Amino acid sequence: MNIAAVVKELIRWIYALSPYFWLDRYFKNREFAFEPESDSWQQLRNRRLFLSEFYIVGWLVLAAGLFILSSLFSLPQWIALLLGLRIIGILNKELGVILFGICKITEGTAVSATGRVIVLAMVNYLTAMFLFAGVYQIVGAFAEVPDYLLGAWQAPLMQAMHTQFALSPPFVPADLLTWGVLTSHGLFCFMFGTIVISLFVSLLNVKPLKA
């Protein structure tokens, strides 16, 4: 049993749950009808690249919008589950890219980072922050929140931002569910940080010094 092969197939299976996967697959299949690097082929490739960026940036806008919406209205708890699924999707895609060179348009080399890949990874990281803020807003409960953060949105956003960038929560969870969300948040930041460090290392061109 090859554990790497099992993980790779699991990542592919989770990736296939995304609607983006099927739309990109449609354009990918259309590429086979043209000679590689031809004008028609390149147009489809550019369309796939644009679709990828539009989907990632679109989720950033949507995540911020959902957090604002959760601050203004009392949303049902199943919305938090959907936000959590998107967080898993983000981590799954980045793991596929860095470990196996899959879940991306130019599949192949396991570590194949470019400036574009890193920028999009940072956008995904910011998106995850707003997604976690939304989850905290919908299902989170915190103990000993200062009076100046007792508004409808300050504490959840502060919890998400501080955990995302400082890797430590400013507020102690007040129930078991919030503890679970916080633990998942810390695990996400640890794994995503490892991925980004790997991407940066892959961009380095290390050469030995001449004697």
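Up top you'll find the structure we're talking about.
For every chain, the first residue of the written sequence is number 1, and numbering continues from 1 along that sequence. Local features are withheld for residues below a pLDDT of 70 in this predicted model, meaning they are given only at 70 or higher, and side-chain atom pairs are given and counted only at 80 or more; totals for whole chains, interfaces and linings count all residues. With hydrogens and water set aside, each side-chain value is computed from the structure's full complement of heavy atoms.

Participant: Hey, could you run me through the overall build of the protein chain in this one?
Facilitator: Helical segments are the DSSP runs of H or I of at least four residues, strand segments are the runs of E of at least two, and each set is numbered from the N terminus. Along its length, the protein chain carries seven helices and two strands. Reading the secondary structure of the protein chain in the N-to-C direction produces α-α-α-α-α-β-α-β-α. For the protein chain, the residues scored as buried account for 40% of the 211 residues in total. Each residue is placed in one exposure class: buried if its accessible area under a 1.4 Å probe, protein chains only, is under 20% of its type's maximum, exposed if it is over 50%, and partly exposed if it falls in between.

Participant: Got a minute to help me understand helix H5 (residues 115–139) in this structure?
Facilitator: One full turn of an α-helix is made of 3.6 residues, so residues set three or four places apart face in the same direction. Compared with an ideal rise of 1.5 Å per residue, which puts 25 residues at 36 Å, H5 spans 36 Å between its outermost C-alpha atoms and is within 8% of the ideal. In terms of residue burial, H5 counts as a mostly covered element, since 20 of its 25 residues are buried. For a helix, the expected span equals 1.5 Å multiplied by the number of residues minus one.

Participant: In this structure, what is going on with the pattern of salt bridges? I would like to understand it.
Facilitator: Opposite charge on two side chains allows them to pair when their charged atoms are near. Just to be clear on terms, a salt bridge is a Lys or Arg side-chain nitrogen sitting within 4 Å of an Asp or Glu carboxyl oxygen. Across all of its chains, the model carries three salt bridges by this definition. One salt bridge connects Arg48 with Asp24, and the closest N-O pair in it is separated by 2.8 Å. With Arg48 in helix H3 (residues 39–72) and Asp24 in helix H2 (residues 19–31), this pair connects stretches of sequence that are 24 residues apart. Neither Arg48 nor Asp24 differs from the other in exposure class; each is buried. Residue Glu31 is joined to Arg45 by a salt bridge in which the shortest nitrogen-to-oxygen separation is 3.0 Å.

Participant: Looking at this structure, I do not really get unusual backbone geometry. What am I missing?
Facilitator: Negative phi values dominate among residues other than glycine, just as trans dominates among peptide bonds. One non-glycine residue with positive phi stands out, namely Cys103, at about 60°. As for its placement among the helices and strands, Cys103 is situated in the loop between helix H4 (78–100) and H5. If you check the backbone angles, Glu144 has positive phi at about 55° while not being a glycine. Of the residues examined, Glu144 reaches a relative accessible area of 78% and is grouped as exposed.

Participant: Which parts of the structure should I look at to understand a nonpolar patch on the surface?
Facilitator: On the surface, a cluster of nonpolar side chains totalling about 550 Å² of accessible area is made up of Trp78, Leu81, Leu82, Leu85 and Ile88. Tracing the chain through its elements places Ile88 in helix H4. Here Ile88 falls in the partly exposed class, since its relative accessible area comes to 48%. Candidate patch residues must exceed 30% relative accessible area and have no salt bridge, after which like charges are joined if within 9 Å and Val, Leu, Ile, Met, Phe, Trp or Tyr side chains if within 5 Å. Accessibility throughout is a Shrake-Rupley quantity obtained with a 1.4 Å probe, and a residue counts as covered only by protein chains that appear here.

Participant: Just checking my understanding: could you explain the nonpolar core for this structure?
Facilitator: One recurring pattern in soluble globular proteins: nonpolar side chains tend to sit buried together. The set of buried Ala, Val, Leu, Ile, Met, Phe, Trp, Tyr and Cys residues whose side-chain atoms join them within 4.5 Å is what this entry labels a nonpolar core. Core analysis: the largest hydrophobic core is formed by 53 residues, its most contacted members being Phe130, Leu131, Phe132, Tyr136, Phe188 and Phe192. When contributions to this core are tallied by element, the ones reaching two or more residues are helix H1 (3–15), H2, H3, H4, H5, helix H6 (154–166) and helix H7 (176–203). With 14 residues, the top contributor of residues to this core is H5. Setting aside its immediate chain neighbours within four residues, Phe192 contacts Ile90, Leu91, Glu94, Ala121, Met122, Asn124 and Tyr125. We call two residues in contact when some of their heavy atoms are within 4.5 Å.

Participant: Can you walk me through the packing of aromatic side chains in this structure?
Facilitator: The way to describe two aromatic rings as a pair is by their centre distance and the angle between their planes. Pairs were defined over the aromatic rings of Phe, Tyr and Trp, the Trp ring being its six-membered one, requiring ring centres within 6.5 Å. Orientation was assigned from the angle between planes: stacked under 30 degrees, edge-to-face over 60, tilted for the rest. For the structure shown, the criterion picks out 13 aromatic pairs. Ring plane angle 70° and centroid distance 5.2 Å describe the contact between Tyr26 and Phe27, whose orientation is recorded as edge-to-face. Among the aromatic residues, those joined into a cluster by ring pairs are Tyr125, Phe132, Tyr136, Phe142, Phe165, Phe171, Phe188 and Phe192.

Participant: What's the story with H6 in this structure? I'm lost.
Facilitator: The terminal C-alpha atoms of H6 lie 17 Å apart, and with 13 residues this matches the ideal 18 Å at 1.5 Å per residue to within 8%. Of all the positions in H6, only Ala155, Pro156, Leu157, Gln159, Ala160, Thr163 and Gln164 are classed as buried. Leu167 sits one or two residues past H6 and shows a positive phi near 60°.

Participant: Please clarify how the packing of H1 against H4 should be interpreted in this entry.
Facilitator: When two helices pack together, their arrangement is given by the angle between the helix axes and by the axis-to-axis distance. Axis geometry follows a simple rule: fit a line to the C-alpha atoms, using only the stretch in contact for helices, then measure angles between N-to-C directions, giving values from 0 to 180 degrees. Where H1 contacts H4, the axes come no closer than 9 Å and their chain directions differ by 140°. Here H4 runs oblique to H1, going by the angle between their axes. Every pair of crossing elements has a handedness; the one defined by H1 and H4 is left-handed. Seen from H1, the contacting residues are Ala4, Val7, Lys8, Leu10, Ile11, Ile14 and Tyr15; seen from H4, they are Asn92, Leu95, Gly96 and Phe100. For this classification, Asp, Glu, Lys and Arg are treated as charged, while Ala, Val, Leu, Ile, Met, Phe, Trp, Tyr, Cys and Pro are nonpolar and the rest, including Gly, are polar. When its residues are assigned to classes, the contact of H1 with H4 shows eight nonpolar, two polar and one charged. Roughly parallel here means an angle under 35 degrees, roughly antiparallel means over 145, roughly perpendicular means 65 to 115, and every remaining angle is called oblique. Crossing handedness is defined as follows: a turn of the near helix away from the far one that is anticlockwise and smaller than a right angle gives a left-handed crossing, while the clockwise case is right-handed.

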